[in-house]
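Residues per chain, in single letters:
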Amino acid sequence: MEWLTKFPTMDDDRLRELKKVIDEGFRAFTRAYGDSIESFFDPLQFFLIQSERFMTRTPWPIILILIALVAWSASRNWKIIVGSVGTLLLIGYLDMWDDTMKTISMIFVCTVLSIAVGIPMGIIMSRSDRVQNVINPVLDVMQTMPSFVYLIPVVMLLGIGKVPGLIAVVIYAIPPMIRLTNLGIRLVDKDVLEAADAFGSSSWQKLKNVQMPLALPTIMAGINQTIMMALAMVVIASMIGVQGLGQPVLKAIANQYFTLGIFNGLAIVGIAIIFDRVSQAYGHRLQRHREIVHG
């Protein structure tokens, strides 16, 4: 009756051999294609470096004005503008300005990359149930796999640095962008689509002029969630060389510096609140516009 109490497992030698074959195969792939993959991401590295230089080398008053203008154009709410500027002033006063700018530049690049990849992928999913059934399990794995696991293959392929951290953050943060784009387009009223067909709209015209505008509030919710998940990954990504607020937090954990960890952790929370309030306010504006235009 031992089989009832002890779960049957693969033989130790076979399991060891299986793991060895997989490891050697991945190492061989890394040696063969690692340089090509690294050169493929050179434009992404250039974009990230230029974004970081802009945020860290531009005088801080100009950065504050730019952020206030972005918050105003998105929200039209003075409370959000004052809260955003006040939070950044407090962060700068506590000597965390440079790290905060590096983190914001990383989140900006991650968000742009997630939008560039996620929206087309969501559109493709919305057009085909078969594609949706194929991609959904992949998104499930991306969302449920422990974030530390993303770092292993990325570091083996690309080493330590900004680009591997950026890729790990995007893998973790992009699923909401894809899912909510797909959902938003699928939820567009069929009567509206039938009216577009009656006026002789092509598939591209329906997508550009009907489906995307009506799905925009849902897509904005996806962008919001992507930003929040990217910020949640910042501390973990600092383990492989991503600069910003995550590295002081990691240092505080390693050396038990309570104040350093709390201050930088609260700075991440402050940035998250700014992004969240601004993107939500913009989404609500889009929603009100849709209700006014479409009754």
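Residues numbered from 1 in each chain as written. Predicted model: local features only at pLDDT ≥ 70, side-chain atom pairs only at ≥ 80, totals over all residues. Heavy atoms only, no water.

All right, on to the packing of aromatic side chains then. Under the criterion given, the structure shown has four aromatic pairs. When the ring of Phe 40 is compared with that of Phe 41, the centres are 5.2 Å apart and the planes differ by 80°; the resulting orientation is edge-to-face. Residue Phe 41 is classed as partly exposed on the basis of its relative accessible area of 22%. Where Phe 47 meets Phe 108, the ring centres are 6.2 Å apart and the plane angle is 70°; that geometry is what we call edge-to-face. Taken together, the residues Phe 47 in helix α3 (residues 42-57) and Phe 108 in helix α6 (residues 97-127) connect sequence positions 61 residues apart. Look at Phe 108 and you get partly exposed, because its relative accessible area is 44%. (Phe/Tyr/Trp six-rings, centres within 6.5 Å; stacked < 30°, edge-to-face > 60°. Buried < 20%, exposed > 50% of the residue type's maximum accessible area, 1.4 Å probe, protein only. Helix = DSSP H or I, 4+ residues; strand = E, 2+ residues; numbered from the N terminus.)

For the rest of this paragraph, the subject is the side chain of Asp 276. On the secondary structure map, Asp 276 appears in helix α15 (residues 258-294). Not counting residues up to four positions away in its chain, the partners in contact with Asp 276 are Asn 224 and Met 228. (Contact = heavy atoms within 4.5 Å.)

As annotated in UniProt, the feature "transmembrane region" (unreviewed entry) corresponds to residues 54-72, 78-94, 106-128, 148-174, 214-237 and 257-275 in the numbering used here. Secondary structure across residues 106-128 comprises 96% helix and 0% strand; the distance between its end C-alpha atoms is 33 Å. In this annotation, residues 214-237 is assigned 96% helix and 0% strand; the end-to-end C-alpha distance for the span is 35 Å. (UniProt positions renumbered as here; feature names shortened; annotations may be inferred.)

Let us now look at the packing of helix α7 (residues 129-144) against helix α10 (residues 175-186). Contact geometry for α7 and α10: axes closest at 10 Å, N-to-C directions at 150°. By the angle between their directions, the pair α7 and α10 is classed as roughly antiparallel. For α7 against α10, the interelement crossing comes out left-handed. Across from Asp 129, Gln 132, Asn 136, Leu 139, Asp 140, Met 142 and Gln 143 in α7, the residues of α10 making contact are Pro 175, Pro 176, Ile 178, Arg 179, Asn 182 and Arg 186. Class assignment of the residues belonging to the contact of α7 with α10 gives a composition of five nonpolar, four polar and four charged. (Axes fitted to C-alpha atoms, helices over the stretch in contact; angles between N-to-C directions. Parallel < 35°, antiparallel > 145°, perpendicular 65-115°, else oblique. Left-handed = near helix turned anticlockwise from the far one by under 90°. Nonpolar A, V, L, I, M, F, W, Y, C, P; charged D, E, K, R; others polar.)

Turning next to the UniProt feature "domain: ABC transmembrane type-1" (unreviewed entry) in the protein chain. The UniProt feature table records "domain: ABC transmembrane type-1" (unreviewed entry) at residues 100-279. Within the segment residues 100-279, helix and strand shares are 86% and 0% respectively, and the terminal C-alpha atoms sit 19 Å apart.

Looking now at the pattern of salt bridges. Two side chains with opposite charge may pair up if their charged atoms get near one another. Inspection of the entire model under this criterion finds six salt bridges. The salt bridge involving Asp 13 is made with Arg 16; its shortest N-O contact spans 2.9 Å. Of this pair, Asp 13 and Arg 16 both sit in helix α2 (residues 12-40), three residues apart, which is roughly one turn of that helix. Residue class for Asp 13 comes out exposed when judged on its relative accessible area of 52%. Arg 16 gets classed as exposed once you look at its relative accessible area, which sits at 52%. Linking Asp 140 and Arg 179 is a salt bridge whose minimum nitrogen-to-oxygen distance equals 2.4 Å. Of the two residues, Asp 140 sits in helix α7 while Arg 179 sits in helix α10, which places them 39 residues apart along the sequence. Its relative accessible area of 38% is what places Asp 140 among the partly exposed residues. (Salt bridge = Lys/Arg side-chain N within 4 Å of Asp/Glu carboxyl O.)

Okay, a nonpolar patch on the surface next. Together, Leu 90, Tyr 93, Leu 94, Phe 258, Ile 262, Phe 263, Leu 266, Val 269 and Ile 273 line one region of the surface with nonpolar side chains, adding up to about 940 Å² of accessible area. Mapped onto the nonpolar patch, the elements with two or more residues apiece are α5 (78-93) and α15. With six residues, the top contributor of residues to the nonpolar patch is α15. Relative to the helices and strands, Leu 94 resides in the loop between α5 and α6. (Patch = residues over 30% accessible without salt bridge, like charges linked within 9 Å, V, L, I, M, F, W, Y side chains within 5 Å. Areas by Shrake-Rupley, 256 points an atom, 1.4 Å probe, with all protein chains shown as cover.)

With 16 residues, helix α4 (residues 60-75) extends 22 Å between its outermost C-alpha atoms, agreeing within 8% with the 22 Å of an ideal straight helix rising 1.5 Å per residue. Ile 63, Leu 64, Ile 67, Ala 68, Ala 71, Ala 74 and Ser 75 are the residues of α4 that are buried. Buried residues of α4, viewed axially, fall in a sector of 135°; they line one side. Projecting away from the buried face of α4 at angles above 90 degrees are the exposed residues Ile 65 and Leu 69. Once α4 finishes, Arg 76 follows within two positions and takes phi at roughly 55°, a positive value. (Expected span 1.5 Å × (residues − 1). Arc of directions from axis to C-beta.)

Our focus in this paragraph is the nonpolar core. If you look at the biggest cluster of nonpolar residues, it comprises 65 residues, and the most contacted ones within it are Leu 88, Leu 166, Met 212, Ile 219, Leu 231 and Met 233. Grouped together as the second largest cluster of nonpolar side chains are five residues, Val 188, Leu 193, Ala 196 and Val 210 included. (Core = buried A, V, L, I, M, F, W, Y, C linked by side-chain atoms within 4.5 Å.)

A separate point is helix α8 (residues 147-158). Side chains of residues three or four places apart in an α-helix project in the same direction, reflecting 3.6 residues per turn. Along its 12 residues, α8 runs 17 Å from first to last C-alpha, staying within 8% of the 16 Å computed at 1.5 Å per residue. Those residues of α8 lying buried are Ser 147, Tyr 150, Leu 151, Val 154 and Leu 158. Buried residues in α8, looked at end-on, bunch into an arc of 100°, giving them a common side. Buried residues along α8 sit against α2, α7, α9 (162-173) and α13 (234-237). Remark: Gly 159 follows α8 within two positions and exhibits a positive phi of approximately 80°.

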